[in-house]
Amino acid sequence: MDPYTTAPGQSRWRRGVYAAGLVIPFTATQIWALLVLLRLAPLDGLVGQAFVLVLLGSVVAIWAGWRWTYKLGRDRDTRPEPTPKTRIPT
């Protein structure tokens, strides 16, 4: 064990938790808004088509938020070591 190496930082874990703290309320708000629209709006004609577009936009926004959270929380600097090549002596 090398006494001069520093301990790995916890910043990635913290960023992932902070990002989740932002995304979870956003997800809950999106679901609540969709449920309110579903309950109050008649889904025939143009209103139904607009509701489908809003639903798709909400799904994409929620997916992008959770993807962002996942990317912030994982360790991107650590690369797997390549397998050693076995050389045949010539």
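What you are looking at is a predicted structure, and each value in this text was computed from that prediction instead of being measured.

Trainee: Whenever I open this one, the overall build of the protein confuses me. Can you help?
Mentor: Secondary structure assignment for the protein yields two helices and zero strands. Relative to its 90 residues, the protein shows a buried fraction of 17%. The long-range fraction of contacts in the protein, counting pairs at least 24 apart against all pairs at least 6 apart in sequence, stands at 76%.

Trainee: Before we go on, may I ask you to explain the side chain of Thr 69 in this structure?
Mentor: Position of Thr 69 relative to the elements: it lies in helix α2 (residues 46-73). Look past the residues within four positions of Thr 69 in its chain and what remains in contact with it is Gly 16, Ala 19, Ala 20 and Val 23.

Trainee: Before we go on, may I ask you to explain the UniProt feature "transmembrane region" (unreviewed entry) in the protein in this structure?
Mentor: The UniProt feature table records "transmembrane region" (unreviewed entry) at residues 17-40 and 46-66. For residues 17-40, helix accounts for 100% and strand for 0%, while the C-alpha atoms at its two ends are 35 Å apart. Note that residues 46-66 is 100% helix and 0% strand, and that its end C-alpha atoms are spaced 30 Å apart.

Trainee: Teacher, can you tell me more about α2 here?
Mentor: Note on helix geometry: an α-helix contains 3.6 residues per turn, so any two residues three or four positions apart are oriented the same way. Relative to the 40 Å expected for 28 residues at 1.5 Å per residue, α2 spans 41 Å between its end C-alpha atoms, a close match to the ideal helical length. All of the buried residues in α2 are Gly 48, Phe 51, Ser 58, Ile 62, Gly 65, Thr 69 and Leu 72.

Trainee: What exactly am I supposed to notice about the side chain of Thr 27 here?
Mentor: Note that Thr 27 resides in helix α1 (residues 11-40). Sequence-distant contacts of Thr 27, defined by excluding residues within four places in its chain, comprise Ile 62 and Trp 66.

The rules behind each value
Residues numbered from 1 in each chain as written. Predicted model: local features only at pLDDT ≥ 70, side-chain atom pairs only at ≥ 80, totals over all residues. Heavy atoms only, no water. Helix = DSSP H or I, 4+ residues; strand = E, 2+ residues; numbered from the N terminus. Buried < 20%, exposed > 50% of the residue type's maximum accessible area, 1.4 Å probe, protein only. Contact = heavy atoms within 4.5 Å. UniProt positions renumbered as here; feature names shortened; annotations may be inferred. Expected span 1.5 Å × (residues − 1).

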